[in-house]
Amino acid sequence: MDASSLDIAVAAPSVFGTRFDSPLTVGVREARLLNDSPWARTLGSLVPTVRVEGWKFPTPVGDAPSVPATPPGGAQIPDVPTTFLQKLAARKARPMPSPDNVVFKDRLLYLLQPPLENLFVGKQVSVPFPPYPYQLEGMAFLMPRRSALLADEMGLGKTMQTILSTRLLMQSGMLRRVLLVCPKPLVFNWCRELKCWAPDMPIEIIAGNTASRRAAWTVSNAPFKIVNYEVLTRDYDLINDEAVRFDLVILDEAQRIKNRDSKTAQSACALRRDRSWALTGTPIENKPEDLINLFAFVDDGRVPAETPTKQLSSLTADCILRRTKDDVLSDLPAKTVTDAHLEMTAAQREAYEMAEQDGVVHLKELGDTVSVQHVFELVMRLKQICNFDPKTGESCKLERLMIDVAEAAESGRKALIFSQWVEPLERLAAELSEFGPMQYHGRIPQRERTGILDRFRDDKSKHVLLMSYGTGSVGLNLQFANYVFLFDRWWNPAIEDQAINRAHRIGQKEPVFVTRFITQDTIENRIAEILDRKRQLFDELISQNGPPPRLGLSEEEIFGLFSIPHRQRKAAA
Amino acid sequence: MTHTPAPGLGFLTVLSDGGSHLGGYLITNPWGRPLEFRLSSAVQPNKVQQILYGPTLGVYLSADLIGKTLVEKASTTVSLIITDSRDVLEVRRVLEIPVVWVAPTAHPEASRLAAEGFAVRDAGPTRGPVLVHPEYPDDVPACADMFQRIGSLDLMEPFVRVREAIAEARKMGVTQRAAG
């Protein structure tokens, strides 16, 4: 017996000393004597020994519940019943090691993560409302993966799942530098979603002149940076700097890189990174090569350029998660309303500001003769600029709408688009021609209207119905549409509700996704805030007692949009 | 108002399989996020050891040998150790840290100890009471205070993770390395 075993054997009685009447003394010498006899076999160690191995993990950031998250402005937060929370807690979605985690410590780190439900239900991670179970499963898919393609159908919350996954990984110390690349019209929306779902995560937008962009790429320590595809492509030389490196790069609307030889694709693939996540509802827009080219970013080398189509599935299955609304039907609420806050194009902004300045000056010149009608006229003019720039025809809403409608059409879904004017609808009809748009508004003769609705329902190539609030918001049954876009907002949310209810009504078998377009820092934004406050008040106070007498804007509120005192209206009256 | 740091928690278990014993120790922050994990080699007592230790062998292996070693080797300190094993509860005798045992439902000794006032949490629908070691009654108020701070954490859930981690370690041959 060696000395170390002897030491431990002798130490044993002290451990047991309190449990025996007389101390236990192990007869080591006697045991050795037995070994000396030719007929005896060795006894082995008298005291068991143990060895341990250990792994330390990055310290999670913040021991206390984080900054309370606030709901996205104006969005209707689904009511979350207690039974739902119980169901959520029972699901136990956990990030499990993925096949690309090959180091034991990496696998261990994911195996030892708590169920995601615990973090949200227990309020350890503050969120405006708990994610749905399928969204937790999406996060459990993303978090351990270095290479991932989240291809959920539009409206299922790819943005939210990505933000929360990133937030949790950052809190766990597993991510420090993240870059998001997205289309320009979506930058502002991402900022809002980030503020909502990760209020404690500092963000920086890479923009401005070359010097500021260079500083943002190479010097800034912001943990979450956002860049649009155009700037990324322009900064191809800057991103080749050795200092530009990310723990995670996320491509939103990743179908933008489906052409492997494009400068956009080359710039995205040139980014130095440890993890690559791609988000798109349409991973294959036209041909299987689209997917192969996406994988040049997601996991270069996994899918060779000449891979036969039938092998694609087996090569990519580990990295792709796609759910359709049908898949998650039981998790979803009947209706999801999202506000898309958009930043106007430069031309729109210039036209808008000029019109507003001139308009306000004109209102003030009117003095006591100013009437609500005068203010209305200005509001209308500004709202029309929010839709399209009168000179160039540019429209941030159109850019966003094109992306969303393409995704809906790709999934074989149908969409209703509402505007208060016919002109924008006719313009949209031209722009959306590839999606078989049909029009239903005051300029369509009455005798043709029924036929239009029938054709929209039955013709699979018709994905879009363009409607005016006045004509299309009442009395129609359009349950076969699952998407509703409010291209501009009506004065009264009750009218908007009627429009939304064309799709969201008895007979609708699937969830309905409503997107309300709002241009940021404009009259639309101001009106939306007033209407949201009113709706909230209504919901909180009088929802039990029938509809309120007035959900729209009062004259005082209309004057208030331009800080014009109400007394002037009285004088005019 | 001063902010009291929330306690780190240690989840300690020893699994027995075919006569061998293997321990896992997961240290988490109060929200259950992992900070450190320790794994023991598998200990298989030989015949002589079985004879020498007799009926105390299980407690000795679980508490004095594996449990104590795992806790002492860890570099992250904890305020409370939680175990799902009665034998491991005995580790309290050799450590200066409060230890609680999340007892199974309808366990006779657990029911008796709970009746005698050693429960920090009463039994729930899917688990028995949470008990301190009967020789350390002062642990009851101390642990109750800690439980108040950690809220409604499911005390059994982390053991699922520990068992999965042990299974993964076995699959990848890490337990042999720990033994080597």
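Keep in mind it's a predicted model, so treat the numbers as computed, not measured.

This next bit is on the overall build of chain A. A tally of helices and strands in chain A yields 24 helices and 14 strands. Going through the 573 residues of chain A one by one, you find that 42% of them count as buried. Long-range contacts, defined here as pairs at least 24 residues apart, represent 74% of the contacts in chain A between residues at least 6 apart.

What chain B contains, in helices and strands, is seven helices and seven strands. If you list the helices and strands of chain B from N to C, you get β-β-β-α-α-β-α-β-α-β-β-α-α-α. Taking 2.2 N^0.38 as the reference for a compact globule, 180 residues should give roughly 16 Å; the C-alpha atoms of chain B span a radius of gyration of 16 Å, in line with that estimate. Counting only residues that meet the buried cut, chain B has 48% of its 180 residues in that class. By sequence separation, contacts in chain B at least 24 residues apart represent 59% of the contacts at least 6 residues apart.

The next thing to look at is helix 4 (residues 108–115) of chain B. The periodicity of an α-helix, 3.6 residues per turn, causes residues three or four places apart in sequence to face the same way. Residues and elements named next belong to chain B. Listing the buried residues of helix 4 in full gives Ala110, Leu113 and Ala114. Taken down its axis, helix 4 places every buried residue within 100° of arc, on the same side. Away from its buried face, by an angle of more than 90 degrees, helix 4 presents the exposed residues Pro108, Arg112 and Ala115. Contact partners of the buried residues in helix 4: strand 6 (119–121) and strand 7 (130–132). The positive-phi residue at the C-terminal boundary of helix 4 is Gly117, with phi of around 95°.

Turning our eyes to something else, we now look at the packing of helix 15 (residues 346–366) of chain A against helix 16 (residues 372–387) of chain A. Residues and elements named next belong to chain A. Axis separation between helix 15 and helix 16 bottoms out at 9 Å; the angle between their running directions is 175°. Between helix 15 and helix 16, the angle falls in the class roughly antiparallel. Of the residues in helix 16, those in contact with Gln348, Ala351, Tyr352, Ala355, Glu356, Gly359, Leu363 and Leu366 of helix 15 are His374, Val375, Leu378, Arg381, Leu382, Ile385 and Cys386. Here the contact of helix 15 with helix 16 is composed, by residue class, of ten nonpolar, three polar and two charged.

Let us look at the confidence of the model for chain B. All names here are of chain B. Model confidence for chain B is summarised by a mean pLDDT of 88, while 92% of its residues fall at 70 or above. The low-confidence segment residues 1–5 (pLDDT under 50) makes one contact with residues lying over four places distant or belonging to another chain. Among the scores for the predicted complex, ipTM is 0.88 and pTM is 0.72.

The next point concerns the confidence of the model for chain A. Close inspection of predicted coordinates is inappropriate in any region flagged by low pLDDT. Of all residues in chain A, 81% attain a pLDDT of 70 or more, and the chain-wide mean is 82. Between residues 542–549 of chain A, whose pLDDT stays under 50, and residues either more than four places distant or in other chains, the model counts four contacts.

Moving on to the sheet that holds strand 10 (residues 415–419) of chain A. Sheet strands pair via backbone hydrogen bonds, and the direction of the pair is either parallel or antiparallel. Residue and element names in this part refer to chain A. Ordered by their spatial adjacency, six strands build an open sheet running 9-14-13-10-12-11, and the pairing between neighbours is parallel. Both outer strands of the open sheet, strand 9 (335–342) and strand 11 (437–440), are each paired with one neighbouring strand and no more. Neighbouring strand axes in the sheet, compared pairwise and without regard to direction, differ in orientation by 20° on average. Where strand 10 lies against strand 12 (residues 464–468), five bridges are found, and the strand directions are parallel. Across the sheet, the residue bridging to Ile417 is Leu466, located in strand 12.

Time to look at the packing of helix 6 (residues 133–142) of chain A against helix 7 (residues 158–171) of chain A. Residues and elements named next belong to chain A. Packing of helix 6 against helix 7 brings their axes to within 9 Å, and their N-to-C directions diverge by 50°. The pairing of helix 6 with helix 7 is recorded here as oblique in orientation. Crossing handedness for the pair helix 6 and helix 7: right-handed. In this structure, helix 6 uses Gln135, Gly138, Met139 and Leu142 to contact helix 7, whose residues at the interface are Met160, Gln161, Thr162, Leu164 and Ser165. In terms of residue class, the contact of helix 6 with helix 7 is built from four nonpolar, five polar and no charged.

Before going further, it helps to spend a moment on unusual backbone geometry. Positive phi values are uncommon outside glycine, yet A:Asp521 reaches one of about 55°. Relative to the assigned elements, A:Asp521 resides in the loop between strand 14 (512–519) and helix 22 (523–542). Phi is positive for B:Ala106, close to 55°, though the residue is something other than glycine. Relative to the elements of secondary structure, B:Ala106 occurs in the loop between strand 5 (99–102) and helix 4. Classification of B:Ala106 by C-beta neighbours within 10 Å gives exposed; the count is 9.

Attention now moves to the nonpolar core. Core analysis: the largest hydrophobic core is formed by 128 residues, its most contacted members being A:Val181, A:Leu251, A:Leu416 and A:Ile417. Among the elements that take part in this core, helix 17 (residues 396–410) of chain A stands out by supplying eight residues, more than any other. For A:Leu251, the contacting residues outside a window of four places in its chain are A:Val181, A:Ile257, A:Ala268, A:Ala278, A:Leu279 and A:Phe297. A:Leu111, B:Val43, B:Ile66 and B:Val100 belong to the second-largest nonpolar core, a separate cluster that totals 62 residues.

All right, on to the interface of chain B and chain A then. Taken residue by residue, the interface counts 45 residues in chain B and 33 residues in chain A. Among the elements of the structure, strand 3 (34–40), helix 1 (47–53), helix 2 (57–73), helix 6 (157–171) and helix 7 (174–179) of chain B are those that each provide at least two residues to the side of chain B that touches chain A. Residues belonging to the side of chain B that touches chain A are distributed by class as follows: 23 nonpolar, eleven polar and eleven charged. Of the strand pairs in this sheet, strand 1 (residues 52–56) of chain A and strand 3 of chain B are connected by five bridges, and their pairing is antiparallel. Its bridge partner being in strand 3 of chain B, A:Val52 is matched across the sheet by B:Ser40.

To continue, consider helix 18 (residues 422–431) of chain A. Residues and elements named next belong to chain A. Within helix 18, burial applies to Pro424, Leu425 and Leu428. Relative to the axis of helix 18, the buried residues are bounded by an arc of 100° and lie together on one face. Relative to its buried face, helix 18 has exposed residues pointing more than 90 degrees away, namely Glu423 and Ala430.

Right, let's talk about the pairing of strand 1 (residues 9–17) of chain B for a bit. Residue and element names in this part refer to chain B. As paired strands, strand 1 and strand 4 (residues 80–83) are joined by four bridges and run parallel to one another. Looking at the pairing, Gly10 lines up with Ile81 of strand 4. Pairing analysis gives nine bridges linking strand 1 to strand 2 (residues 20–28), with the strands arranged antiparallel. Among the inter-strand pairings, Ser16 is bridged to a residue of strand 2, identified as His21. Following strand 1, the chain reverses through two residues before pairing antiparallel with strand 2; Gly18 in that reversal takes a positive phi of roughly 60°.

Pairing in this open sheet of eight strands is mixed, and the strands run 1(A)-3(B)-2(B)-1(B)-4(B)-5(B)-7(B)-6(B) from one edge to the other. Of all the strands in the sheet, the pair left with one neighbour each is strand 1 of chain A together with strand 6 of chain B. Geometrically, the sheet is characterised by an average inter-axis angle of 25° between neighbouring strands, direction not taken into account. Of the strands in this sheet, strand 1, strand 2 and strand 3 of chain B touch helix 6 of chain B, which is tilted by about 125° from strand 2 of chain B.

The rules behind each value
- Residues numbered from 1 in each chain as written.
- Chains lettered and ligands numbered in written order.
- Predicted model: local features only at pLDDT ≥ 70, side-chain atom pairs only at ≥ 80, totals over all residues.
- Helix = DSSP H or I, 4+ residues; strand = E, 2+ residues; numbered from the N terminus.
- Buried ≥ 20, exposed ≤ 12 C-beta atoms within 10 Å, placed from the backbone.
- Contact = placed C-beta atoms within 7 Å.
- Rg over C-alpha atoms; globule rule 2.2 N^0.38 Å.
- Arc of directions from axis to C-beta.
- Axes fitted to C-alpha atoms, helices over the stretch in contact; angles between N-to-C directions.
- Parallel < 35°, antiparallel > 145°, perpendicular 65-115°, else oblique.
- Nonpolar A, V, L, I, M, F, W, Y, C, P; charged D, E, K, R; others polar.
- pLDDT = per-residue confidence, 0-100.
- Pairing = 2+ DSSP bridges.
- Left-handed = near helix turned anticlockwise from the far one by under 90°.
- Core = buried A, V, L, I, M, F, W, Y, C linked by C-beta atoms within 7 Å.

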